[in-house]
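Next come the chains, spelled out residue by residue.
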Amino acid sequence: MIPIYLAGYYPIASYTYTPLNQLKHGSVVNVYGAVKFFKPPYRSRGTDYCSVVSIMDQSNAKLTCMLFSVNLDTLPVIYKIGDIVRFHRLKIQQYKNEIQGVTTVGFSSLTFEGTLGTPVIPRTSSKIYTFTSDDQKTVEALRVWAAHHISSSGALIKLSDVKAMQFFDLTCELVGKAEVDGSSVLLKVWDGTKPPFPSWKVLFEDGSLEGDADRINQLQNLTVDILVYDNHVALAKSLQIGSFLRIYSLHTKIQPITPKKQSNIAHLEFHLHGGTCYGRGIKVLPENNYSDFIYTCLSFIQNCNVVVIFLFHVAQDFVSPCDLERCQQLSATVLTDHQYLETTPLSAILKRDAPQQYRIRAKLRNYEPQKLYQSVKLHCPKCHSLQEVPHESDLELVLQEAATEQPDPKLQNTSLYNSEVWTTQNQQERKIVIHFIKNDGILQVPEVTLIMIEGGLLSEIYQLSKKFKGVIPVKSSQEDLIVLDLAVPFLIQGKTWHYGCKQCSKLKTMQNLNSLVKEASWTPVCIAEALGIVPLQYVFVMTFTLDDGTGTLKVYLMDCEKFFQIPASEILNSDDLQKNMEMIMYMLCPPGKKIGEYPWLECFIKSYNVRNEVEQEICYRIFDTVIAEDLI
DNA sequence: GGTTAGGGTTAG
């Protein structure tokens, strides 16, 4: 039972909110705004923590606020520009001909994720606060306004796309820490991605490195060394190993090459310089997200449409040690974007309309199909149809049928290709013609030569594909050679059999390959385009049954190669890739183990409506999620 | 309810 205290049990405070262009010097006001700039809380030279926050609203006025508090927790929990804040009891005063907001007695704040369509969940340390359906509307309206008027701090940068000489914000896990000297601290961190350049290695005294030595060793190529200076040292020293951090305005530099170092590979230095310019600082992300509980309450309350006062702290009683452990446990998947979305419990998702986007954390209870080859399909990017990958026996039938037709000698040996004809001896004198495409009138070595084949059977095509750059099955028609049939691949290249969409392709004859000859650009995309073919994509199509303890949800995965980091186009012809895939599924959903021992998966999912004749159904699909690199 | 900081990159 989640405690909900309804109106009537407590006196309801009513609040009015002043637009930011109507603030008067000397007044104490309540305001809403979208965060334009912020400095994460840091120790001031006085007795308090300080956070500087600039906000804007629909009036287009900006207000910079100086927020002070002895208690770190009571300052707003802002993660990024574009977050929405609500301040109660903010004093307005004048400074250098401009007004500014300052905390005053009883100041309190709520912060909300600013992304459109995400659940409206307040972040706050307040034990009691009001939140009405009007508040909900205000937040949603500010999100819409902010989406058009506040530029975010740019794409989220991960260690895998970090460059030299830049300032950026990093979300990461702290795996090691060492005091280097009086004025700097080393933080060893990683974010689940692999940096493109090796990190510099900061030297420290033996025995001064805190953290699990095995884990630091295991992650050594994935972690980077950050040197933290001056005013950030005290906070850095207090950080717990294993905590998740947001480091703002982290600076990268190329390490100067000194004559002593033989290595000629560029190494990257990571510095968190002194000062708080541009919001430079460190924020510890919460170990556990109590807002999940609040959200469950909220979705109930919205239905009742009543004003409610929450007793926030009681919700903490529902957080078990198991939940804490779960948050500290790393996920088997990595999010490639939107890291700031907060986790939503599956039970809450099941109650909501589509379309929405969510971040979830759940275990893979079951998946379908269980047989790998059944999960690989062909998808048309144009008409979005899905079809099975043709079975070899079906291909052979089409090829056998075509082999009974007579090749037209008039279509052999043109300026585009040289032709060779063979007659088989044991099979009713079947004729096979191979047309070798020339490069600017000259025949090349097999490895770079594209060939077309008439009358070939599957085994012959397969053998030829091992020797030549690519094989196109064709047949004679009145004017020119044409693609044999889109029921068979239009191109066999290496281990990949390329198919075209029957509905969307408007076939052109083979002489159209002339446009590609000069550049010898025999890529599947170029060949398909020259021949009027819309190529089909190989995709993994699977249903995951996910379970986070609050509910279960069936979600679809449709993926070319991003999620598993295995190309769906090659897996059917590669034993190695099939083994990799089996290992991944074995790891995600280990047979014979209890679900408690399964790894957690962190995923983004989007919900969407699907209508059939009878009813409307909400479906869910995974996106922007990949299997963690250290598990592959 | 006094101080802190009062946005606009270090220079290791």
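Shown above is the structure to which this text applies.
The rules behind the values
- Residues numbered from 1 in each chain as written.
- Chains lettered and ligands numbered in written order.
- Predicted model: local features only at pLDDT ≥ 70, side-chain atom pairs only at ≥ 80, totals over all residues.
- Heavy atoms only, no water.
- Helix = DSSP H or I, 4+ residues; strand = E, 2+ residues; numbered from the N terminus.
- Buried < 20%, exposed > 50% of the residue type's maximum accessible area, 1.4 Å probe, protein only.
- Contact = heavy atoms within 4.5 Å.
- Areas by Shrake-Rupley, 256 points an atom, 1.4 Å probe, with all protein chains shown as cover.
- Near = heavy atom within 4 Å.
- Polar contact = N/O pair within 3.5 Å; in protein donor to acceptor, adjacent residues only side chain to side chain.
- Nonpolar A, V, L, I, M, F, W, Y, C, P; charged D, E, K, R; others polar.
- Phe/Tyr/Trp six-rings, centres within 6.5 Å; stacked < 30°, edge-to-face > 60°.
- Salt bridge = Lys/Arg side-chain N within 4 Å of Asp/Glu carboxyl O.
- 1 Å grid on protein atoms, 1.4 Å probe; cavity = no way out; pocket = protein on both sides within 12 Å on 5 of 7 lines; lining within 4 Å.
- Points joined across faces, edges and corners; volume = space filled by probe spheres on them.
- Core = buried A, V, L, I, M, F, W, Y, C linked by side-chain atoms within 4.5 Å.

Novice: Pulling in residues and values, what's your account of the overall build of chain A?
Specialist: Within chain A, the secondary structure is distributed over 14 helices and 32 strands. Sorting the 632 residues of chain A into buried and exposed places 50% on the buried side. Long-range contacts, defined as pairs at least 24 residues apart, comprise 65% of the intrachain contacts of chain A with a sequence gap of at least 6. Carbon and sulfur atoms provide 52% of the accessible area of chain A, an area that totals close to 31,600 Å².

Novice: Account for the protein's contact with DNA strand B, naming residues and giving values.
Specialist: Around DNA strand B there are 30 residues in total, and K39, Q100, D230, S249 and R280 lie nearest to it. Counting only atoms of DNA strand B within 4 Å of the protein, the fraction found in sugar and phosphate groups is 37%. Note that a base nitrogen of DNA strand B is positioned 3.0 Å from one of the side-chain N or O atoms of D48. A distance of 2.2 Å is found between a base nitrogen of DNA strand B and a side-chain nitrogen or oxygen belonging to Q100. Only strand 4 (49–56), strand 5 (62–69), strand 6 (84–95), strand 7 (98–112) and strand 13 (244–254) provide two or more residues apiece to the surface near DNA strand B. For the surface near DNA strand B, the element with the most residues is strand 5, which contributes 4 residues. Along the lines of polarity and charge, the residues of the surface near DNA strand B split into 12 nonpolar, 11 polar and 7 charged.

Novice: How would you sum up the side chain of K377? Please name residues and give values.
Specialist: The residue K377 is located in strand 19 (residues 376–379) in this model. From its side chain, K377 meets the backbone oxygen of Q374 in a polar contact 3.1 Å long. Residues within four places of K377 in sequence aside, it is in contact with L386, Q387, E388, V389, Q537, Y538, V539 and V541.

Novice: Can you explain the packing of aromatic side chains? Please cite residues and give values.
Specialist: Within the structure shown, the criterion is met by 9 aromatic pairs. Ring geometry for Y17 against Y32: centres 4.9 Å apart, planes inclined by 55°, an arrangement best described as tilted. Remark: Y32 occurs in strand 2 (residues 28–38) and Y17 occurs in the loop between strand 1 (5–6) and strand 2; sequence separation between them is 15 residues. Look at Y17 and you get partly exposed, because its relative accessible area is 26%. Taken together, F540, F544, F563 and F564 form an aromatic cluster joined through their ring pairs.

Novice: If you had to explain the pattern of salt bridges to someone new, which residues and values would you point to?
Specialist: If charged atoms from side chains of opposite charge come close, those side chains can pair. Within the structure shown, the criterion is met by 16 salt bridges. Of the charged contacts, one joins R430 and E460 as a salt bridge, the two residues approaching to 2.7 Å between their closest N and O atoms. Placement of the pair is R430 in the loop between strand 21 (417–423) and strand 22 (431–437) and E460 in helix 10 (residues 458–467), with a sequence separation of 30 residues. Classification of R430 by relative accessible area gives buried; the value is 8%. Linked by salt bridges that have partners in common, D83, R123 and E342 make up one network.

Novice: Which residues make up empty space enclosed by the protein, and what values go with them?
Specialist: Scanning all chains against the criterion turns up 5 cavities of 30 Å³ or more. The volume enclosed by the second largest cavity comes to roughly 40 Å³. Lining of the second largest cavity is provided by L399, A402, I453, E454, G455, G456, I461, P473, V474 and L484. Put simply, the parts of the chain that give the lining of the second largest cavity at least two residues each are helix 9 (392–403), strand 23 (450–454) and strand 24 (470–476). Its residues placed into classes, the lining of the second largest cavity shows 7 nonpolar, 2 polar and 1 charged.

Novice: Please set out the nonpolar core residue by residue, giving values where relevant.
Specialist: Grouped burial of nonpolar side chains is what soluble globular proteins tend to show. Membership of the largest hydrophobic core comes to 62 residues, with the highest contact counts inside it found for L364, F540, F544, L546, F564 and I605. A61, L90, Y129 and Y248 belong to the second largest nonpolar core, which has 40 residues in total.

These values are about where atoms sit, not about what they do.
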